[in-house]
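Listed here are the chains, written in short residue letters.
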Amino acid sequence: MVNVSCLNRAWDYVEDVVEGRILVGKYIKLAYDRFLKDLDRQDDENFEWTFDVEIAARYVTFIETVCKHTRGEMAGKPFILSPWQVAIIAQIFGWVDKKNNKRRRFTTFHLFVARKSGKSQLAAAIICAMAVLDIDGAPQLVTAATKRDQAREVFDEVARCIRSSSALSKRFKVHRTEILGPRNGTIRPLSSDANTLDGLSLNLACVDEMHAIKDGGLYRVLASSMGARLSPLMMAISTAGFVTDGLAMQFVKGGKMVMDGKADNERLLFLCYEIDESEDKWDDEEVWIKANPGIGQSITMDYLRQQCKNAKLYGGRSITEFMVKHLNLFVGSEAIWIDDDVWMSESNCEEASTCYVLDEKTQKPIAYMGLDLSATDDITALAICTGSEEVGYGIEMHYFLPQKAIDKRLEKDDSSLYSGFEDIDNVHIIPGNTVDYNAIRKLISGHYVENGRVQYDADNLSEKYNIKGIAYDRWNSLSIIRDLDGDGVMCDPFGQGYASISFPAKLLEKLALEGKLRHGGDELLRWMIGNVHIQQDASGNIKLDKSKSGDKIDGAMAAVMAIGEMLTFEEDEEEDKFEFFMAVIGGDK
């Protein structure tokens, strides 16, 4: 008799999930609702499966008795499964045919869970257990992935597990590319092209990091090689990824349809540990356990907090990566506008002054500006675009915000970029609760009101540059635009829709990719560019979407507007303009 008390952790876990005492995402809740309903269906003659507690306990006991941790502080110690892992092992091996308990219910197991949740270790333990406990002649077990190195991740974990266990070492012989096991069994890593994998008769295939697989060729060949086995297991373990139309996403959608009751697949065990994207905030640490069931064991809350702080600090791509890797959400790469490595290339980090083009009459650099006015209690950004197609373009920035906005931000996160604003020359901090548009006017034209009278400060941008025009958003800009017009600065309204934004935004991106956008390494602009979420219409036009962006993007918007203003002053002939336009959008004549 097998001691089935080891399953108590699974029963407690399932009960806590269903009763809401353990916070999980929608589809884990549905998975364990299904489990309980299936237990109740065992007496139904039309339901061909039964849950055998002794068989389930046998596999759990095997893993915890002979398998060892292989890394870190726990190396060499018994692999004691966490409750969520016990529930997985129990389901894979406990559900069997009522008429033949050698025939298991689940032939497909898809596990999606955040990074550092012990996926590889769990998969290795399952492989070892099947290789020893499944009574099948010449069993074949493989680990597979698109790349050779990735295919070896789980294989190498199996090898370490065997070497660290005296019980397993007696039954297996580990070689570099193959492990020989009981009953003439083999365990091998596979990464070959799907067309070269004929002739297999697999008991188990473990596909690692399925999110990286773009097509189903490899998976289909592996799955089709299991027809001669009584209880095969097609196992895929993965974290979410950036490919939203690949194989993994197809399986996630299919698995969720089964959980929702919209599709039927009695042979699929689908577990997707993720936050509920429509309900949860990515930076709310209370919901992180939904994607990280191993918090406190395989991963610490301190580690996740630090990763979240880094994501907030650098924004954009860093936030996307946090959501994918640590919250297990599929996020399309199109959400990342300009890669940080591209933006911070050596040529782009040169000073904008290296590409000044001087006006022949005034001998001042010709400049076009974009003014993104915010609400008075937030960041207002002013961008200055200089240069030409021949020498490259420069972007210089000025930012305005009230002290109250800084204090409010630092109350929430003292590691924010806001903590260093006082030391940045082009950040203008306005005392009090709101941005005084008078300070913006003073910087641009030199004119400002003090004690009821208009004053003039010669240290202004109009003295430094030959300003051709300033693009501005019509929203909340009437008073300052009226004043700047009166000061002799040309101001042009700039729309915020696709028609106005798309062309200059694509040009900014093109210039950055070519290393022709000199921004001097402005860290605040870098942060804002990283925060940008791009929205695209059916015609391929783009715009910067403030509502979906990770954080502030005012500087990025101002830069696009400044480039847009520059485009309105193009004096080339129509043919040259057409070639320039087609080069930006990637078309031909």
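Since this is a predicted model, take the numbers as computed values, not measurements. (Residues numbered from 1 in each chain as written. Predicted model: local features only at pLDDT ≥ 70, side-chain atom pairs only at ≥ 80, totals over all residues. Heavy atoms only, no water.)

### Brief notes about the overall build of the protein
- Of regular secondary structure, the protein possesses 20 helices and 21 strands.
- Over its C-alpha atoms, taken along the principal directions, the protein stretches across nearly 95 × 50 × 45 Å.
- A burial count over the protein gives 52% of its 589 residues as buried.
- A sequence separation of at least 24 residues applies to 69% of the contacts in the protein between residues at least 6 apart.
- Working note: accessible area of the protein is about 26,800 Å², and carbon and sulfur atoms make up 46% of it.
- The distance from the centre of the 69 positive side-chain charges to the centre of the 93 negative ones in the protein is 9 Å. (Helix = DSSP H or I, 4+ residues; strand = E, 2+ residues; numbered from the N terminus. Buried < 20%, exposed > 50% of the residue type's maximum accessible area, 1.4 Å probe, protein only. Contact = heavy atoms within 4.5 Å. Areas by Shrake-Rupley, 256 points an atom, 1.4 Å probe, with all protein chains shown as cover. Lys, Arg positive; Asp, Glu negative; His and termini not counted. Charge placed at Lys NZ, Arg CZ, Asp CG, Glu CD.)

### Points about the sheet that holds strand β7 (residues 185-190)
- Strand order in the open sheet made by the 8 strands is β5-β6-β7-β4-β8-β9-β3-β10, with mixed pairing throughout. Strands at the two margins of the open sheet, each flanked by one partner only, are β5 (173-174) and β10 (268-272).
- In the sheet, strand β8 (residues 204-208) pairs with strand β9 (residues 233-238) via 5 bridges, with the strands oriented parallel. The partner of Cys206 across the bridge, within β9, is Met235.
- Sheet strands touched by helix α6 (residues 148-163): β4 (140-144), β5, β6 (179-181), β7, β8 and β9. Its angle to β7, the strand with the most contacts, is close to 145°. (Pairing = 2+ DSSP bridges. Axes fitted to C-alpha atoms, helices over the stretch in contact; angles between N-to-C directions.)

### Quick look at a positive patch on the surface
- A cluster of basic residues, Lys281, Lys404, Lys408 and Lys412, forms a positive patch at the surface.
- As for its position among the elements, Lys412 is in helix α13 (residues 403-412). (Patch = residues over 30% accessible without salt bridge, like charges linked within 9 Å, V, L, I, M, F, W, Y side chains within 5 Å. Salt bridge = Lys/Arg side-chain N within 4 Å of Asp/Glu carboxyl O.)

### Thoughts on the packing of aromatic side chains
- According to the stated counting rule, one finds 19 aromatic pairs in the structure shown.
- Relative to Phe322, the ring of Trp288 has its centre 5.6 Å away and its plane inclined at 65°; by these criteria the two rings are edge-to-face. In this pair, Trp288 sits in the loop between β10 and α10 (301-314) while Phe322 sits in helix α11 (residues 317-327), placing the two residues 34 residues apart along the sequence. Like Phe322, Trp288 is buried. (Phe/Tyr/Trp six-rings, centres within 6.5 Å; stacked < 30°, edge-to-face > 60°.)

### A word on the pairing of strand β11 (residues 366-372)
- Counted residue by residue, β11 has 7 buried out of 7 residues, so it is predominantly covered.
- Taking every second residue as pointing to the same face, both faces of β11 are buried, with Ile366, Tyr368, Gly370 and Asp372 on one and Ala367, Met369 and Leu371 on the other.
- Sheet topology places β11 next to strand β17 (residues 466-472); 6 bridges connect them, and they run parallel. Across the sheet, Leu371 pairs through a bridge with Tyr472, a residue of β17.
- As paired strands, β11 and strand β12 (residues 380-388) are joined by 5 bridges and run antiparallel to one another. The residue bridging Leu371 from the neighbouring strand is Leu382, located in β12.

### Observations regarding the layout of surface pockets
- The volume enclosed by the largest pocket comes to roughly 910 Å³.
- Along its surface, the largest pocket is lined by 30 residues, and Lys116, Ser117, Gly118, Gln121 and Ser298 are the ones closest to its centre.
- Breaking the lining of the largest pocket down by element, the ones donating at least two residues are α4 (83-94), α5 (119-133) and α6.
- Residue classes in the lining of the largest pocket are distributed as 7 nonpolar, 13 polar and 10 charged. (1 Å grid on protein atoms, 1.4 Å probe; cavity = no way out; pocket = protein on both sides within 12 Å on 5 of 7 lines; lining within 4 Å. Points joined across faces, edges and corners; volume = space filled by probe spheres on them. Nonpolar A, V, L, I, M, F, W, Y, C, P; charged D, E, K, R; others polar.)

### Regarding helix α2 (residues 26-40)
- Taking 1.5 Å as the rise per residue, α2 with 15 residues should run 21 Å; its terminal C-alpha atoms sit 21 Å apart, in good agreement.
- Taken together, the buried positions of α2 are occupied by Tyr27, Ile28, Ala31, Tyr32, Asp33, Arg34, Phe35 and Asp38.
- Packing partners of the buried residues in α2 comprise α1 (8-19), β1 (49-51), α4, β2 (95-97), α9 (247-259) and β10. (Expected span 1.5 Å × (residues − 1).)

### A look at the packing of helix α3 (residues 53-66) against α4
- Following both chains from N to C, one finds α3 and α4 inclined at 130°, their axes separated by 8 Å at the closest point. On the basis of their axis angle, the class for α3 and α4 is oblique. Pair α3 / α4 crosses with right-handed handedness. In this structure, α3 contributes Ile55, Ala56, Tyr59, Val60 and Ile63 to the contact, and α4 contributes Val86, Ile89, Ala90, Phe93 and Gly94. (Parallel < 35°, antiparallel > 145°, perpendicular 65-115°, else oblique. Left-handed = near helix turned anticlockwise from the far one by under 90°.)

### Things to note about the nonpolar core
- Ranked by size, the top nonpolar core spans 114 residues in total, and within it Tyr32, Ile126, Leu168, Leu222, Met235 and Leu271 carry the most contacts.
- Non-local contacts of Ile126, meaning those with residues more than four positions away in its chain, are made with Ile89, Ile92, Phe93, Leu204, Leu233 and Met235. (Core = buried A, V, L, I, M, F, W, Y, C linked by side-chain atoms within 4.5 Å.)

### Some words on unusual backbone geometry
- Within the chain, Lys116 stands out as a residue other than glycine whose phi angle is a positive 60°.
- As for its position among the elements, Lys116 is in the loop between β3 (108-112) and α5.
- Classification of Lys116 by relative accessible area gives partly exposed; the value is 45%.
- Within the chain, Asn451 stands out as a residue other than glycine whose phi angle is a positive 55°.
- Turning to its location among the elements, Asn451 is positioned in the loop between β15 (447-450) and β16 (453-456).
- A relative accessible area of 76% places Asn451 in the exposed class.

### Notes on a negative patch on the surface
- Together, Asp407, Glu411, Glu422, Asp423 and Asp425 make up a negatively charged patch on the protein surface.
- Tracing the backbone shows Asp423 in the loop between α13 and β14 (427-430).

### Brief notes about the environment of Asp284
- Within the secondary structure layout, Asp284 lies in the loop between β10 and α10.
- When its relative accessible area of 30% is taken as the criterion, Asp284 is described as partly exposed.
- Separated by 267 residues in sequence, Asp284 and Val17 have C-alpha atoms that sit 20 Å apart.

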